[in-house]
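Secondary and tertiary structure notes
Now for the letters of each chain:
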Amino acid sequence: MIDLRSDTVTQPCDEMRKKMATAIVGDDMFGEDPSVNELQEFARKITGKEEVLFVPSASMSNQLAVKALTAPGDAIAVLKHAHVYRYESGAAPLLSGVTMLQVGDKRGIISVEEIGNTIPPDDQHYPPLTLLCMENTHNGQIVPIDNIKKLHEYCCEKDIKMHLDGARIFNASVATGIDVKDYAKYFDTVTICLSKGLGAPIGALICSNKQYAKKIHRFRKVMGGAMRQSGIIAAAGLYALQNNVQHLSMDHKNAQHLASGLKDLNYLEILGPVETNMVFVSYAQSKISGEALQEHMMSKGVNIVVDEAKKMIRLVTHRDITMQHIDHVLEQLHCFAS
Ligand SMILES: Cc1ncc(COP(=O)(O)O)c(C=O)c1O
């Protein structure tokens, strides 16, 4: 099956499975799992952050950041389409007692002016805005480093902390040539996901400066994310960071190949530039049925997810998708039209 629904569907390769099977493990609750420690140490070096903690998921990592950087009753600024806002089941207000204020555009860019306008008046009626959450990439779009730099300067001035949901920060880094460290330095906390384009089966990393490490460590336990012989999965994460980063550029090439082939189909319209591994298309201007298209593709061995309400399809390339797969997908999309 050619699965274009998400880059979360990747299967661990044989080498990765071997690393998992032979990982030396210990009880990580005592800090004694050598494989977890090695992964955390490696991630410290490549992100330039003082502390890194291995957690089960990127959602947990984001929520640990919100918990560490805020106090109950605070307000946080989040992108309208951010994962931390839309797709974490309301965890931030539930777990950290914060109000979420929406900012930014579809590309993940937030202007300094907008943040300025979002800061509530210093008055008893309003919660203080203490955290800005960004996402890079955001729906496959790269947030320019200059935008991040300007926000950082402004947020320092206003004593607003910054968190980066960098679930796909390596996609941004590979596409721009900007080191992950150079993105990470502007943020108090950074989430890295190992189980998206990087291809590990499970796991994420919460990277922070020392001052937040104790709180993050404690709340990982509170949230049930402290694990035991987790070196089995950390070994996969380390393999992913050491071997799978450069392959992301192939995913980006495949996304470009897909996008250029889609231009020949008049029932689909590409939405926005394709900057990394995601292609969004709309069928709003045509008479086709999204469900019929989905069924047709499934019958030809292609799994896609269709948003019938928005008449939109998100196609995501990843390490289990080849250029030949993309050619097959394009051929079948042409077949559907004829
Ligand atoms: C941008 C972004 N952040 C965070 C997450 C959460 O990842 P997880 O499924 O590991 O919790 C996702 C998941 O798709 C995501 O796309």
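Definitions and limits used
- Residues numbered from 1 in each chain as written.
- Predicted model: local features only at pLDDT ≥ 70, side-chain atom pairs only at ≥ 80, totals over all residues.
- Heavy atoms only, no water.
- Helix = DSSP H or I, 4+ residues; strand = E, 2+ residues; numbered from the N terminus.
- Rg over C-alpha atoms; globule rule 2.2 N^0.38 Å.
- Contact = heavy atoms within 4.5 Å.
- Areas by Shrake-Rupley, 256 points an atom, 1.4 Å probe, with all protein chains shown as cover.
- Lys, Arg positive; Asp, Glu negative; His and termini not counted.
- Charge placed at Lys NZ, Arg CZ, Asp CG, Glu CD.
- UniProt positions renumbered as here; feature names shortened; annotations may be inferred.
- Buried < 20%, exposed > 50% of the residue type's maximum accessible area, 1.4 Å probe, protein only.
- Salt bridge = Lys/Arg side-chain N within 4 Å of Asp/Glu carboxyl O.
- Pairing = 2+ DSSP bridges.
- Axes fitted to C-alpha atoms, helices over the stretch in contact; angles between N-to-C directions.
- Parallel < 35°, antiparallel > 145°, perpendicular 65-115°, else oblique.
- Left-handed = near helix turned anticlockwise from the far one by under 90°.
- Nonpolar A, V, L, I, M, F, W, Y, C, P; charged D, E, K, R; others polar.
- Near = heavy atom within 4 Å.
- Polar contact = N/O pair within 3.5 Å; in protein donor to acceptor, adjacent residues only side chain to side chain.

Quick look at the overall build of the protein chain
Counting its secondary structure elements, the protein chain contains 14 helices and 13 strands. Relative to its length of 338 residues, the protein chain is compact, with a C-alpha radius of gyration of 21 Å against a globular reference of 20 Å. Taken along its principal axes, the extent of the C-alpha atoms in the protein chain is 60 × 55 × 35 Å. Taking the contacts inside the protein chain whose residues are at least 6 apart along the sequence as the reference set, 75% of them involve residues at least 24 apart. Element-wise, carbon and sulfur atoms account for 51% of the exposed surface of the protein chain, whose accessible area totals about 15000 Å². Distance from the positive charge centre (35 side chains) to the negative charge centre (39 side chains) of the protein chain: 2 Å.

Focus: the UniProt feature "modified residue: N6-(pyridoxal phosphate)lysine" (unreviewed entry) in the protein chain
Under the present numbering, the feature "modified residue: N6-(pyridoxal phosphate)lysine" (unreviewed entry) in UniProt falls on Lys-196. With respect to the element layout, Lys-196 can be found in the loop between β7 (189-193) and β8 (204-208). Looking at Lys-196, the relative accessible area reads 15%, which means it is buried. Sequence-distant contacts of Lys-196, defined by excluding residues within four places in its chain, comprise Asp-7, Thr-8, Thr-10, Ala-58, Ala-167 and Arg-168.

Concerning the pattern of salt bridges
With the rule as written, the count across this model stands at 13 salt bridges. Residue Asp-27 is joined to Arg-228 by a salt bridge in which the shortest nitrogen-to-oxygen separation is 3.0 Å. Of this pair, Asp-27 sits in the loop between α1 (14-21) and α2 (34-47) while Arg-228 sits in the loop between α10 (210-222) and α11 (231-243), placing them 201 residues apart in sequence. Judged by its relative accessible area of 40%, Arg-228 is partly exposed. Taking the shortest distance from any N to any O, the salt bridge between Glu-275 and Arg-107 comes out at 3.0 Å. Placement of the pair is Glu-275 in the loop between β9 (269-271) and β10 (278-282) and Arg-107 in the loop between β4 (99-103) and α6 (112-118), with a sequence separation of 168 residues. Residues joined in a network through salt bridges with shared partners are Glu-41, Arg-44, Lys-45, Glu-51 and Lys-210.

Description of helix α8 (residues 169-176)
Taken across its 8 residues, α8 has 6 buried, putting it largely inside the fold. All of the buried residues along α8 are Ile-169, Phe-170, Asn-171, Ala-172, Ser-173 and Val-174. Buried residues along α8 sit in contact with α2, β6 (161-166), α9 (180-184), β7, α11 and α12 (248-262). Immediately downstream of α8, the backbone of Gly-177 shows phi near 80°, a positive value.

Observations concerning the sheet that holds strand β13 (residues 312-316)
The strand order across the open sheet formed by 4 strands is β9-β10-β13-β12, and the pairing between neighbours is antiparallel. For this open sheet the edge positions go to β9 and β12 (305-307), each flanked by a neighbour on one side alone. The mean inter-strand angle of the sheet, taken between neighbouring strand axes irrespective of direction, is 35°. Set on the sheet, α12 makes contact with β9, β10 and β13; between it and β10 the angle comes to about 20°.

Points about the sheet that holds β6
The mixed open sheet is built from 7 strands, whose spatial order is β2-β8-β7-β6-β5-β3-β4. Only two strands of the sheet have a single neighbouring strand rather than two, namely β2 (51-55) and β4. Across this sheet, the average inter-strand angle for adjacent strands is 20°, counted without regard to direction. Note that β2 and β8 share 5 bridges and pair antiparallel.

Things to note about the environment of Met-323
Positionally, Met-323 belongs in helix α14 (residues 323-337). Once the C-alpha coordinates of Met-323 and His-257 are considered, the two residues, 66 residues apart in sequence, prove to be 7.7 Å apart. In this structure, Met-323 is in contact with Asn-254 and His-257, ignoring residues within four places of it in sequence.

A few points about the packing of α1 against α11
Their axes nearest at 7 Å, the elements α1 and α11 cross at an angle of 140°. In terms of orientation, α1 and α11 fall into the oblique class. At the point where α1 passes α11, the crossing takes the right-handed sense. Note on element contacts: α11 touches α1 through Ile-232, Ile-233, Ala-235, Ala-236, Tyr-239 and Ala-240, opposite Glu-15, Met-16, Lys-19 and Met-20. Across the contact of α1 with α11, the residue classes break down as 8 nonpolar, no polar and 2 charged.

Examining the site of the ligand
As a structural note, the neighbourhood of the ligand is formed by Ser-57, Ala-58, Ser-59, Asn-62, His-83, Glu-135, Asp-165, Ala-167, Arg-168 and Lys-196. Interatomic distance of 2.6 Å between a side-chain N/O atom of Ser-59 and an oxygen atom of the ligand. Here an oxygen atom of the ligand sits 2.8 Å away from a polar atom, N or O, in the side chain of Lys-196. Here the ligand, which alone exposes 390 Å², has 79% of that area covered by the protein.

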